[in-house]
Amino acid sequence: MSEDQPAPRPPVPSPAALARRVAPRPPAAAPAPAEHSESARFGRVDDEGRVFVSVDGGEQEVGSYPGATPEEALQYFARKYDELAASAELLQARLGNPEVTAKEVSDALATLKEHLAQANVVGDLPALHATVERVEAGLEAKRGAETEQRRAARALAATEREQIVAEAEAIAAQPPGSTQWKQSGERMRALLDRWKEHQRGAAKLDKPTEAALWQRFSHARNAFDKARRAWFAELETTREQARSAKEALVAEAEALASSTDWGATARAYKQLMDRWRRAGRAARAEDDALWERFRSAQDAFFTAKDSAAAAEDEEYRGNLVVKEELLLEAEAILPVTDVEAAKSALRGVQERWEAAGKVPRGDLDRVEKRLRRVEAAVREADERKWRATNPELSARAQSMVEQLEAAVAKAQAEVDQAQAAGDERTADAARERLAAQQQWLSQARAGVDEFGG
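Residues numbered from 1 in each chain as written. Predicted model: local features only at pLDDT ≥ 70, side-chain atom pairs only at ≥ 80, totals over all residues. Heavy atoms only, no water.

## Observations concerning the packing of helix α6 (residues 207–256) against helix α8 (residues 284–331)
A packed helix pair is summarised by two numbers, namely the angle formed by the two axes and the spacing between the axes. Two elements in contact, α6 and α8, have axes separated by 8 Å at closest approach and are oriented at 20 degrees. As the angle between them shows, α6 and α8 are arranged roughly parallel. Judged by the twist between their axes, the crossing of α6 over α8 is left-handed. Taken together, the residues of α8 that come into contact with α6 (itself represented by R243, K246, E247, L249, V250, A253, E254 and L256) are E286, D287, L290, R293, F294, A297 and F301. Looking at the contact of α6 with α8 residue by residue, the class counts come to eight nonpolar, no polar and seven charged. (Axes fitted to C-alpha atoms, helices over the stretch in contact; angles between N-to-C directions. Helix = DSSP H or I, 4+ residues; strand = E, 2+ residues; numbered from the N terminus. Parallel < 35°, antiparallel > 145°, perpendicular 65-115°, else oblique. Left-handed = near helix turned anticlockwise from the far one by under 90°. Contact = heavy atoms within 4.5 Å. Nonpolar A, V, L, I, M, F, W, Y, C, P; charged D, E, K, R; others polar.)

## Looking at helix α9 (residues 339–356)
Along its 18 residues, α9 runs 26 Å from first to last C-alpha, staying within 8% of the 26 Å computed at 1.5 Å per residue. Buried residues of α9: V339, A342, L346, V349, W353 and A356, and no others. Down the axis of α9, the buried side of the element spans an arc of 100 degrees, and every buried residue falls inside it. Summarising the geometry of α9, the exposed residues directed more than 90 degrees from the buried face are E351, E354 and A355. On its buried face, α9 sits against α8 and α10 (361–389). The backbone nitrogen of E340 has a side-chain oxygen 3.3 Å away, supplied by the residue at the start of α9, namely D338. G357 sits one or two residues past α9 and shows a positive phi near 90 degrees. (Expected span 1.5 Å × (residues − 1). Buried < 20%, exposed > 50% of the residue type's maximum accessible area, 1.4 Å probe, protein only. Arc of directions from axis to C-beta. Polar contact = N/O pair within 3.5 Å; in protein donor to acceptor, adjacent residues only side chain to side chain.)

## Things to note about the confidence of the model for the protein
Mean pLDDT over the protein stands at 85; residues scoring 70 or higher make up 90%. The secondary-structure element of the protein with the lowest mean pLDDT is helix α1 (residues 15–22), recorded at 48, while strand β1 (residues 43–45) shows the highest, at 93. Within the model, pLDDT remains below 50 along residues 1–12, and this stretch shows 20 contacts once partners closer than five positions in the same chain are excluded. Below a pLDDT of 50 lies the segment residues 21–34, which in the model reaches 13 contacts outside its immediate sequence neighbourhood of four places, other chains included. (pLDDT = per-residue confidence, 0-100.)

## Describing unusual backbone geometry
Residue P335 is bonded to the preceding L334 through a cis peptide linkage, with omega at -5 degrees. On the secondary structure map, P335 appears in the loop between α8 and α9. The phi dihedral of D56 falls on the positive side, at around 50 degrees, and the residue is not glycine. In this structure, D56 sits in the loop between β2 (50–55) and β3 (58–64).

## Description of the sheet that holds β2
Taken in spatial order, the three strands line up as β1-β2-β3 in an open sheet, and their pairing is antiparallel. Looking at the sheet topology across the chains shown, the edges are occupied by β1 and β3. Going from strand to strand, the sheet's axes swing by 30 degrees on average, the running direction of each strand aside. The sheet contact formed by β2 and β3 spans six bridges and is antiparallel. Within the sheet, the bridge partner assigned to F52 lies in β3 and is E61. Contacts between helix α2 (residues 70–94) and the sheet are confined to β1, β2 and β3, with β1 contributing the most and set at about 145 degrees to the helix. (Pairing = 2+ DSSP bridges.)

## Examining the pattern of salt bridges
Per the stated rule, a full pass over the model turns up 37 salt bridges. A salt bridge links E167 to R187, with the nearest nitrogen and oxygen atoms 2.6 Å apart. Of the two residues, E167 is situated in helix α4 (residues 125–172) and R187 in helix α5 (residues 181–201); the sequence distance between them amounts to 20 residues. (Salt bridge = Lys/Arg side-chain N within 4 Å of Asp/Glu carboxyl O.)

## So, the side chain of D313
Position of D313 relative to the elements: it lies in helix α8. Aside from chain neighbours lying at most four places away, what touches D313 is P360 and R361.

## Overview of the packing of aromatic side chains
A ring pair, where both rings are aromatic, is described by two values, the distance of the centres and the angle of the planes. For the structure shown, the criterion picks out 15 aromatic pairs. Geometrically, the ring pair formed by Y65 and Y76 is edge-to-face, given 4.7 Å between the ring centres and 75 degrees between the ring planes. One end of the pair, Y65, is in the loop between β3 and α2; the other, Y76, is in helix α2, with 11 residues separating them in the sequence. Seen in terms of ring centroids, W276 and F294 are 4.8 Å apart; in terms of plane orientation they differ by 35 degrees. Their pairing is tilted. (Phe/Tyr/Trp six-rings, centres within 6.5 Å; stacked < 30°, edge-to-face > 60°.)

## Comments concerning the packing of α5 against α6
At a minimum axis distance of 12 Å, the contact between α5 and α6 shows a crossing angle of 160 degrees. The angle between α5 and α6 places the two elements in the roughly antiparallel class. Note on packing geometry: the crossing formed by α5 with α6 is left-handed. Contacts between α5 and α6 involve W181, S184, G185, M188, R189, L191, L192, W195 and Q199 from the first element and E210, L213, W214, F217, A220, R221, F224, A227, R228, W231 and F232 from the second. Classifying every residue of the contact of α5 with α6 by side-chain character gives 13 nonpolar, three polar and four charged.

Next comes the structure, spelled out in C-alpha cells:
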C-alpha cells in the first residue's frame with residue numbers, strides 16, 4: 001500500500017455480521033479483540049514496511065500500513081485474520097444448531113469464502129482453510145440429514161393425511177339407516193378443518209400424492225352429502241305418508257270415542273293402535289300433535305267404558321253375595337261319596353248359579369274357578385264309577401289277569417327247569433321275565449279290584 005493512500009479498511013465482515021446471516025436472531029455482541037494477536041507469528045514486516053505471511057514454506061505479501069510501526073502493521077493484518085478465523089469457527093458451531101438450516105449455513109459460507117479469497121491477512125491460513133473444509137463437509141451432512149428429515153416428514157404427513165381420508169371414507173360408507181347424520185356431518189367438517197391445518201402446518205406432499213388424496217377426500221365428502229340429501233328427501237316423503245296415514249287413524253279413533261259397544265270398540269282401538277305403530281313417524285311436532293288427538297279419543301272411550309263397568313260392578317255386587325253362598329253349598333258336596341246324590345246337588349247349584357246373574361268383573365274369575373273345581377271333582381267321581389261298572393272293561397281286565405297268571409306260571413316253570421339243569425344263565429334270564437310278569441299281574445289285579453271283580 002502506498003503512502004498517499006488512506007489506511008485500508010478490512011473487507012471481511014465481523015463474526016457478528018456473519019452470525020446475523022446464519023441465525024434468525026443476532027447473537028450477543030462479542031467482546032473486543034485483544035490488542036495483541038498471536039496470529040502475528042505467521043508473518044513479518046520488511047525494512048520497507050511491507051507485510052508478509054508464511055504460506056506453504058514460502059511467503060506472500062499481504063500489504064502495508066503506512067504511518068504505523070512494523071508491530072502495529074503486523075497486528076493489524078493478524079487481527080483481520082482473527083476475524084475471519086472467528087467467523088469460520090462460528091459457522092462450524094452453527095452446523096450443529098437444528099434451528100439453523102443448511103441453506104443459511106451455505107449462504108454464510110459462500111460469503112465467508114468470497115471474503116477469504118480477497119483477504120490479505122496474517123495468520124495460520126492452512127488451519128483456516130481446514131476449518132472451511134470442515135464446514136463444507138458438515139454442510140453436506142446437514143443437507144443429507146435435512147433431506148432425510150424432509151422425507152420422513154413427508155411420509156408422516158402422507159400417513160396423517162391418509163388417516164383423514166380413510167376416516168372420511170368410513171363415514172361416507174355407513175349404511176344410511178344407521179348413520180347419525182348430525183354427528184357424522186360435524187365430524188366430516190372437523191376432518192376438513194384438519195386437512196386445511198395440515199396443508200398450512202405440515203410437510204408439503206408431492207403433487208401427485210396430494211392430488212390423489214384430495215380426490216379421495218373430496219369424493220368421500222361429496223358421497224356423504226349426496227347420501228344425506230337423499231336420506232332426508234326420502235325421510236320427508238315417508239313422514240308425509242305417515243302423517244296422512246295417522247290423520248286417517250285419528251279420524252277413526254275420534255269417531256269411535258262415543259261408542260258404547262264396549263267389547264267391539266275396545267278391539268277396534270287395539271287394531272287402530274297396531275296400525276299406528278306400523279304407520280311410521282311423521283315430523284316430530286306433527287306426530288306429537290296427532291298422537292295427542294289419538295290418545296285423547298282413546299282415553300275418552302276407555303274412561304266411559306270404565307265408568308260403565310264400575311256402574312255394572314256395583315249393580316252386580318248383590319249377585320256376588322248369592323254366588324258366594326252357592327259356592328259354599330257346592331263345596332260342601334266334596335268329597336264325593338255318593339255320585340248320584342252329588343250330581344243332583346250340583347245340578348241344583350248350577351241352575352241357581354245361572355239364575356243369579358253376573359258378578360263384578362274383578363270377582364268373575366275367582367268365583368268361576370271355585371265352581372269349576374267342584375264340577376271337575378264330581379265329573380271324575382262319575383267317570384270312576386262308570387269304569388268300575390262297565391261289563392266290557394271288567395271282562396277285559398279279568399282276561400288280562402288270566403293271561404298274565406299263565407305267563408307267570410310259565411316263567412316260573414322255566415326258572416325251575418333251568419335250575420334243575422344247572423344253567424344259571426338261563427335261570428337268571430327266566431327270573432327277570434318272571435319278575436316283570438309278576439309286576440304286570442299285580443297291576444292287572446288292581447284294575448280288576450276297581451271294577452269290583
